[in-house]
Amino acid sequence: MKRHILFPLALALAASTIMFGTSACSSKTSTASEEDGPAIAMTVHVKDGEFDPRDVDIEAGGTVMWINDDVASHDLQFLVPNKLYSGVIKPGRAWIHTFTSAGTYDYYCDFHNTMKGSVVVRPAP
Ligand SMILES: [Cu+2]
């Protein structure tokens, strides 16, 4: 006579992977200091689903800083050239870009297609 004794499997599934939110802390303090980085020629505030100012005008070699003062994330998808993309700019974050070539750079927010802006880069004197 055979007896099958079933041992209850102690669920060793206590291997609960505890994920600590590794805050991608790329603390890029965007201080507009001329010693630490490029001088900011123009600052655009992103607030209430708008770029303010919507259109900016700089000289070639100028740097523009976009500051997300909104509660939502935004980004900048440029039409030309090379489909420059800012990446996601979270609330409280900023993105800077230096425009080396003259031209008109139209962009929009990929999340909110009604958000549009442009950067007109004039030739350096
Ligand atoms: Cu947006």
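Residues numbered from 1 in each chain as written. Predicted model: local features only at pLDDT ≥ 70, side-chain atom pairs only at ≥ 80, totals over all residues.

- We quote the UniProt Subcellular location (unreviewed entry) comment for the chain here in full: "Periplasm". (UniProt positions renumbered as here; feature names shortened; annotations may be inferred.)

**Description of the pairing of strand 8 (residues 116-122)**
Next up, step 1: Every second residue of strand 8 is oriented toward a common face, the buried set being Gly117, Val119 and Val121 and the non-buried set Lys116, Ser118, Val120 and Arg122.
Next up, step 2: Bridge analysis of strand 3 (residues 55-59) against strand 8 gives five bridges, and the strand direction is parallel. Among the inter-strand pairings, aspartate 55 is bridged to a residue of strand 8, identified as serine 118. (Buried ≥ 20, exposed ≤ 12 C-beta atoms within 10 Å, placed from the backbone. Helix = DSSP H or I, 4+ residues; strand = E, 2+ residues; numbered from the N terminus. Pairing = 2+ DSSP bridges.)

**Let's talk about the sheet that holds strand 1 (residues 40-47)**
Next up, step 1: Overall, mixed pairing links the four strands, which are arranged 2-1-4-6 in an open sheet. Strands at the two margins of the open sheet, each flanked by one partner only, are strand 2 (50-52) and strand 6 (94-99). Sheet twist, expressed as the average angle between the axes of neighbouring strands with direction ignored, equals 25°. (Axes fitted to C-alpha atoms, helices over the stretch in contact; angles between N-to-C directions.)

**Some points on the environment of phenylalanine 99**
Next up, step 1: Within the secondary structure, phenylalanine 99 sits in strand 6.
Next up, step 2: Among the residues examined, phenylalanine 99 registers 21 C-beta atoms within 10 Å and is labelled buried.
Next up, step 3: For the pair phenylalanine 99 and valine 120, spaced 21 residues apart in the sequence, the C-alpha separation amounts to 9.5 Å.
Next up, step 4: Setting aside chain neighbours within four positions, we find phenylalanine 99 in contact with Ile58, Ala60, Gly62, Val64, Tyr105, Val119 and Val121. (Contact = placed C-beta atoms within 7 Å.)

**So, the nonpolar core**
Next up, step 1: Counting 15 residues, the largest nonpolar core has Val44, Val64, Trp66, Phe99, Tyr105 and Val119 as its most contacted members.
Next up, step 2: Going through the elements one at a time, strand 1, strand 4 (62-68), strand 6, strand 7 (103-108) and strand 8 are the ones with two or more residues in this core.
Next up, step 3: Beyond its immediate sequence surroundings of up to four residues, tyrosine 105 is in contact with Phe78, Val80, Phe99, Ser118, Val119 and Val121. (Core = buried A, V, L, I, M, F, W, Y, C linked by C-beta atoms within 7 Å.)

**As for the sheet that holds strand 3**
Next up, step 1: As summarised here, the arrangement of the four strands in space is 3-8-7-5, forming an open sheet in which the pairing is mixed. Strand pairing shows two members of the sheet lacking a second neighbour, strand 3 and strand 5 (77-78), which therefore form its edges.

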